[in-house]
Amino acid sequence: MNPSSSKLPISFSIDKLQKELAICENDLWTPHFNTNRYEGNWTSVSLRSQSGLVNDITSFANTEHKNTNLLDRCHYFKEIMDWFQCEKEAVRLLRLGPGSEIKEHVDNDTSYEDGFFRIHIPIITNEEVFFYVDKKRVPMKMGECWYANFQLPHSVENKSTEPRIHLTLDCIRNDWSDKLFEEMGFDLHFSPETTSYSDGVKQQVIDELSRNPSEVNAKIIADLLAE
C-alpha cells in the first residue's frame, strides 16, 4: 500500500504565506458545511470554487471550478497553484479555531489511486495541533507541502490557543504528478481494490457512501458488505 501521507520535495515562504493570509482576513469565512464532523470553529474561504464565489466552500470531484476574485489579490497563492502543473479543482483556506476538533471521518475518492490528490500547506500551525491520517500523526510544519490519502480515516485536534490555517489544493492526477509521486516512492500501479479494510474502517466508508446515494456508491457498498 502507498504511504498514507507524504511530504513533497518543495516548501514555500512562511512570510509570504502569512502576508497573503492577511489579505484574506476581511473576506467572508464560511463555517464548514459538514457540521456533524467537527466541534468548535471550522471555517473556510475559497480561492477557486464551483461558482467562483469566495463563500462557496464545497468540494466535489469531477466538477468545473473557477478562480474567485480573492485569488486576483493573492499573487503568491497563485504562484503556488502554478507550481502544480496539473488541473486544479477547489482551492481553499481552512481555519480550525483554538480548542476545535475535526472528528475522525473519511472522504470519498480522495486518494492518489483515484486520480485525485489533496495538498495541505500549513500557514499557521504549532506543536499543539494534532493531525492524524490512518491513526498516524502527520507532523506538518509551516511552509511545508503535504499529500495525504483522505480516503483513510483522518482527524485533527487544535489544542492550542491560536487558529490552525492551511492552504489546500485539490488536484487532478496527470503525467507530471505521476513523475513527482513516483520520485516520492509511490507505486503508480497500486490499486486500492486490493486493500483489505478492518471492520471499523469498512463501516466508516459505508456510512460515508450512504450519505451520497448513487448507483455507483450502492455497488461499492454491496461489494464491501460481501467481503
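Structure report, in brief. Just so you know, these numbers come straight off a predicted model, no measurement behind them.

Cut-off values and rules
- Residues numbered from 1 in each chain as written.
- Predicted model: local features only at pLDDT ≥ 70, side-chain atom pairs only at ≥ 80, totals over all residues.
- Heavy atoms only, no water.
- Pairing = 2+ DSSP bridges.
- Helix = DSSP H or I, 4+ residues; strand = E, 2+ residues; numbered from the N terminus.
- Buried < 20%, exposed > 50% of the residue type's maximum accessible area, 1.4 Å probe, protein only.
- Core = buried A, V, L, I, M, F, W, Y, C linked by side-chain atoms within 4.5 Å.
- Contact = heavy atoms within 4.5 Å.
- Phe/Tyr/Trp six-rings, centres within 6.5 Å; stacked < 30°, edge-to-face > 60°.
- Lys NZ or Arg CZ within 6 Å of the ring centre and 35° of its normal.

**Quick look at the sheet that holds strand 12 (residues 154–158)**
As a general point, the strands of a sheet are linked pairwise by backbone hydrogen bonds and lie either parallel or antiparallel.
For step 1, the next point in the chain: Pairing is antiparallel in the open sheet, where five strands are placed in the order 3-7-12-9-10. Looking at strand neighbours, the two that pair on one side only are strand 3 (38–39) and strand 10 (136–137), the edges of this open sheet.

**Quick look at the pairing of strand 13 (residues 164–172)**
For step 1, the next point in the chain: Within strand 13, nine of the nine residues are buried, leaving the element largely enclosed by the surrounding structure.
For step 2, the next point in the chain: Covered by surrounding structure in strand 13 are Arg 164, His 166, Thr 168, Asp 170 and Ile 172 together with Ile 165, Leu 167, Leu 169 and Cys 171, the residues of both alternating faces.
For step 3, the next point in the chain: In this structure, strand 6 (residues 88–96) lies alongside strand 13, joined through seven bridges in antiparallel fashion. Considered in strand 13, the bridge of Arg 92 is made with Thr 168.
For step 4, the next point in the chain: With eight bridges connecting them, strand 8 (residues 116–124) and strand 13 associate as antiparallel partners. Bridging from a neighbouring strand, Phe 116 pairs with Ile 172 of strand 13.

**Things to note about the nonpolar core**
For step 1, the next point in the chain: One finds Phe 77, Phe 84, Ile 119 and Leu 167 to be the most contacted residues of the largest nonpolar core, which totals 36 residues.
For step 2, the next point in the chain: With five residues, strand 8 is the largest single contributor of residues to this core.
For step 3, the next point in the chain: Among all residues touching Phe 77, those that are not within four sequence positions of it are Leu 17, Glu 20, Leu 21, Cys 24, Leu 47, Leu 71, Leu 93, Ile 123 and Leu 167.

**Some thoughts on the packing of aromatic side chains**
For step 1, the next point in the chain: Per the stated rule, a full pass over the model turns up twelve aromatic pairs.
For step 2, the next point in the chain: With a centroid separation of 5.4 Å and 85 degrees between ring planes, the pair formed by Tyr 38 and Trp 42 is classed as edge-to-face.
For step 3, the next point in the chain: Measuring from ring centre to ring centre gives 5.2 Å for Tyr 147 and Phe 181, while their planes differ by 80 degrees; the resulting arrangement is edge-to-face. Here Tyr 147, found in strand 11 (residues 144–148), pairs with Phe 181, found in helix 3 (residues 175–183); they are 34 residues apart in sequence, far enough to count as distant.
For step 4, the next point in the chain: Judged by its relative accessible area of 0%, Phe 181 is buried.
For step 5, the next point in the chain: Taken together, the ring pairs connect Tyr 112, Phe 117, Tyr 147, Phe 181 and Phe 186 into an aromatic cluster.
For step 6, the next point in the chain: Looking at Arg 95, its charged tip hangs above the ring of Trp 29, at a distance of 4.1 Å from the centre.
For step 7, the next point in the chain: Its guanidinium or amino end placed over the ring of Phe 130, Lys 159 lies 5.0 Å from that ring's centre, counting from NZ or CZ.

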